[in-house]
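Here are the chains, one letter per residue:
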Amino acid sequence: MKNNVPRTKEKEVRIREIQEAAKKVFIKKGFQRATIDEIANMAGTSKGTVYLYFKNKDDLYVSLMLPGLEKVTEVSLILEEKLERKVFKNPHEFVMEFCNVLMIYYEYDPEGFSIFRASQIGSLFSDFSPKMVERINRIGRKNFEIARRTLDKAIKAGLFPPFDVVKAVDVIWGLFIGTLQVELDKLRWTKKDHIRDTLQYGFALIANGLLCGKELVRQKPEGRGIKK
């Protein structure tokens, strides 16, 4: 039994080295142009060793995204549990905690998040195997289901008037991804980090919108369309 411990640790270290190298190569060259040879060279190991731990490039790519997505599941369930314990005193407090859940995802593994964002590009999806797409979709569906369920519970708890939780989760996710991308781009140029502040401002706007419930979408803008 004692002889297995060093080997286990060596395996874990080797896997981490390969994954760290893969992040650098994938971020620099993208999924399609990256090769196992380059990743192996970056990791200081052989191509055969990479294949010892990962079936193919797809398998390696997915392995970089899963820890972050699984972290989302973990903290989302904590958010749901807090809601059930009636921890939140008001709607804004709940929405700010929702924002924090997504920030934890980004801060937990920024490079893994970048890999995931790249995977969402439409043209890139065509390069993935069906199994890879299904693995990503499976955990994505789970996280969206938790988010929708939590918002539904927030409505039933009286924090918000009724609204479309399916669309709301899509909007929340879109605001998070879009705002984060804008602020990351600005950070590269200005060296000033306003990510959390801007996201919190955006989520405060969402909280105000959710408090309007279905009344918000019932208001139809006037004067639009082409008059004949």
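Residues numbered from 1 in each chain as written. Predicted model: local features only at pLDDT ≥ 70, side-chain atom pairs only at ≥ 80, totals over all residues. Heavy atoms only, no water.

Trainee: Which residues make up the packing of helix H6 (residues 110–119) against helix H9 (residues 165–190), and what values do they have?
Mentor: Taken N-terminus to C-terminus, the directions of H6 and H9 make an angle of 115°; their axes are 13 Å apart at the nearest point. On the basis of the axis angle, H6 is roughly perpendicular to H9. Pair H6 / H9 crosses with left-handed handedness. Residues Phe-113, Phe-116 and Arg-117 of H6 pack against Trp-173, Phe-176, Ile-177, Leu-180 and Gln-181 of H9. (Axes fitted to C-alpha atoms, helices over the stretch in contact; angles between N-to-C directions. Helix = DSSP H or I, 4+ residues; strand = E, 2+ residues; numbered from the N terminus. Parallel < 35°, antiparallel > 145°, perpendicular 65-115°, else oblique. Left-handed = near helix turned anticlockwise from the far one by under 90°. Contact = heavy atoms within 4.5 Å.)

Trainee: A description of the confidence of the model for the protein chain should follow, citing residues and the corresponding values.
Mentor: Mean pLDDT over the protein chain: 86, with 86% of residues reaching 70 or higher. Ranking the elements of the protein chain by mean pLDDT puts helix H7 (residues 122–125) last with 58 and helix H2 (residues 36–43) first with 95. Residue range residues 223–228 is modelled with pLDDT below 50. Its contacts to residues more than four positions away, or to other chains, number zero contacts. (pLDDT = per-residue confidence, 0-100.)

Trainee: Tell me about the packing of aromatic side chains, and name the residues and values.
Mentor: All chains considered together, the criterion is met by 15 aromatic pairs. Taking 6.1 Å as the distance between ring centres and 65° as the angle between the ring planes, the aromatic pair formed by Phe-144 and Trp-173 counts as edge-to-face. Taken as a pair, Phe-144 in helix H8 (residues 130–156) and Trp-173 in helix H9 lie far apart in primary sequence, 29 residues in all. On the basis of relative accessible area, Phe-144 is assigned to the partly exposed category, the value being 23%. Between Trp-173 and Phe-176, the ring centres sit 5.8 Å apart and the planes meet at 45°, which makes this aromatic pair tilted. Of this pair, Trp-173 and Phe-176 both sit in helix H9, three residues apart, roughly one helical turn. Here the basic side chain of Lys-57 rests over the ring of Phe-31, its NZ or CZ set 4.6 Å away from the ring centre. (Phe/Tyr/Trp six-rings, centres within 6.5 Å; stacked < 30°, edge-to-face > 60°. Buried < 20%, exposed > 50% of the residue type's maximum accessible area, 1.4 Å probe, protein only. Lys NZ or Arg CZ within 6 Å of the ring centre and 35° of its normal.)

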